Structure formats: C-alpha cells, structure tokens
Amino acid sequence: MDLIKSMMVAASGLKAQSGRMRIIAENIANADSTSRVPGGDPYRRKVVTFEDKLNREIGAHTVSLGRPVMDNTEFKLKYMPGHPGADENGYVKMPNVNGMVEAMDMREAQRSYEANLNLIQASRRMISQTIEILRK
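Residue positions are counted from 1 within each chain, in the order its sequence is given. Residue-level local features of this predicted model are given only where pLDDT is at least 70; pairs of side-chain atoms are given and counted only at 80 or more, and the full residue set underlies all totals for whole chains, interfaces and linings. Excluding hydrogens and water, the side-chain values take into account all heavy atoms of the structure.

## Things to note about the overall build of the protein
Put simply, DSSP H or I for four residues or longer makes a helix, DSSP E for two residues or longer makes a strand, and each gets a number counted from the N terminus. The number of helices and strands found in the protein is two helices and six strands. The quantity called the radius of gyration is restricted to C-alpha atoms. Its globule counterpart is 2.2 Å times the number of residues to the power 0.38. Expected size for 136 residues packed as a compact globule is a radius of gyration near 14 Å; at 22 Å, the protein overshoots this value by more than 25%. Principal-axis analysis of the C-alpha atoms places the extent of the protein at approximately 80 × 25 × 20 Å. Accessibility here uses a 1.4 Å probe with only protein chains present; expressed as a share of the type maximum, an area under 20% marks a residue as buried, one over 50% as exposed, and anything in between as partly exposed. Looking at the 136 residues of the protein, the share that counts as buried comes to 32%.

Shown next as structure tokens:
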C-alpha cells in the first residue's frame, strides 16, 4: 500500500531531522567552549549531512543522517590575557559557531520535522477512513 510506504519514508525523515537537531544543539551548547591549553583549538562546529538510501523492502528512497563533517572556517580570536587557553599575545581562539546560523538551522530542521509528522498523520487518517469505508 502506497500510504504505508509514504509513512515509512516520512519516518526516515523524522529520524534524520531529529539527529540534525541534536547536532545543532551540540553546536549551540559548545558555542563558548575554549581550549584549556594555551593556543589550542576550541570546539569546531559540526555540519550535518544526509544520505539517500534505497530501501529495497518498501521499494522507495529514504533519507538518513550521514556522518557530520567539521566546519573548517577560521576561529575567531578574543583578547582574554588571563584565560588558561590564551596564547603568548593574550588571545583565545573561540569556536566557529554562529548562534544566529544555528538558530536558523534549528528552525529549518523543526519545520522539516513537522512536515514529515504531518504527512504521517495525514496518511494515518486516510488509512483509517479507508478502513471505515470498507466496513460499511
């Protein structure tokens, strides 16, 4: 039944977006993390990747969370001479996490999650209505 197939595809989307939100939350949680070693690197932002997979059981393509990749943008420097992670000039490397970008990514992930959830709910309603029609 195609409705079951659509529900399984949407469920894979739910799982992928849930993992995406987890990684975004990790980025936000570490936005102020610095190195404890002088001149060391702080937390590096992770970027989510997705993989398209053919699910032979249902005969449809599904999405899954791929391996996160590290964002190689430059670290910001902040003058904090008393910090244990400061270099010889008193600068500390700050994570390459931009709170505004993470908030926008989180909102996009939430909307994608909601869209997949709505698809599952609509499919369930259609299946229930079909069963009710067949009973009569």
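Still more to cover.
## Observations concerning the nonpolar core
Nonpolar core, defined: a set of buried Ala, Val, Leu, Ile, Met, Phe, Trp, Tyr and Cys residues in which side-chain atoms within 4.5 Å join the residues together. Within the largest apolar cluster, six residues are counted, these being Leu3, Met7, Ala10, Leu14, Ile120 and Ile127. Those elements that place two or more of their residues in this core are helix 1 (2-29) and helix 2 (99-135). Looking at this core element by element, the count peaks at four residues for helix 1. We call two residues in contact whenever any of their non-hydrogen atoms come within 4.5 Å of each other. Residues contacting methionine 7, with those up to four places away along its chain left out, are Ile120, Ser123, Arg124 and Ile127.

## A closer look at the side chain of serine 12
Relative to the assigned elements, serine 12 resides in helix 1. A polar side-chain atom of serine 12 sits 3.2 Å from the main-chain amide nitrogen of valine 63. Setting aside chain neighbours within four positions, we find serine 12 in contact with Thr62 and Val63. What qualifies as a polar contact is a pair of N or O atoms within 3.5 Å, subject to a donor-acceptor requirement within protein and to the restriction that residues adjacent in sequence count only when both atoms come from side chains.

## Some remarks on the environment of glutamate 26
Residue position: glutamate 26 is located in helix 1. Excluding its chain neighbours within four sequence positions, the residues that come into contact with glutamate 26 are Tyr43 and Lys46.

## A look at the packing of helix 1 against helix 2
With their axes 9 Å apart at the nearest point, helix 1 and helix 2 run at an angle of 160 degrees to one another. By the angle class used here, helix 1 and helix 2 are roughly antiparallel. Considering how the two elements wind past one another, helix 1 and helix 2 form a crossing that is left-handed. Axes here refer to lines fitted to C-alpha atoms; in helices the fit is confined to the stretch in contact. Angles between the N-to-C directions go from 0 to 180 degrees. Just so you know how the angles are binned, under 35 degrees is roughly parallel, over 145 roughly antiparallel, 65 to 115 roughly perpendicular, and the rest oblique. Two helices cross in a left-handed way if the nearer one is turned anticlockwise from the farther one by less than a right angle. They cross in a right-handed way if the turn is clockwise.

## Some points on helix 2
Taking 1.5 Å per residue as the helical rise, helix 2 with its 37 residues ought to reach 54 Å, and the 54 Å between its terminal C-alpha atoms agrees with that figure. Taken together, the buried positions of helix 2 are Glu102, Met106, Ala109, Asn116, Ile120, Ser123 and Ile127. Buried residues along helix 2 sit in contact with helix 1. One less than the residue count of a helix, multiplied by 1.5 Å, gives the span that helix is expected to have.

## A short note on the pairing of strand 3 (residues 60-65)
Taking every second residue as pointing to the same face, the buried face of strand 3 carries Ala60, Thr62 and Ser64, while none of His61, Val63 and Leu65 on the other face is buried. Relative to strand 3, strand 2 (residues 50-55) runs antiparallel, the two being bridged by six bridges. Bridge assignment links glutamate 51 to a residue of strand 3, and that residue is serine 64. In this scheme, strands are said to pair when DSSP sees at least two bridges between them. Between strand 2 and strand 3, which pair antiparallel one after the other, the connecting turn spans four residues, and glycine 59 there sits at a positive phi close to 70 degrees.

## Overview of the pattern of salt bridges
Whenever a carboxyl oxygen of Asp or Glu lies within 4 Å of a side-chain nitrogen of Lys or Arg, that contact is scored as a salt bridge. Summed over the entire model, instances satisfying the criterion amount to eight salt bridges. Residue lysine 93 pairs with aspartate 41 through a salt bridge whose shortest N-O separation is 2.9 Å. With lysine 93 in strand 6 (residues 91-94) and aspartate 41 in the loop between helix 1 and strand 1 (46-47), this pair connects stretches of sequence that are 52 residues apart. Exposure remark for lysine 93: the relative accessible area of 29% places this residue in the partly exposed category. Among the charged side chains, a salt-bridge network with shared partners connects Arg45, Asp71, Glu102 and Asp105.

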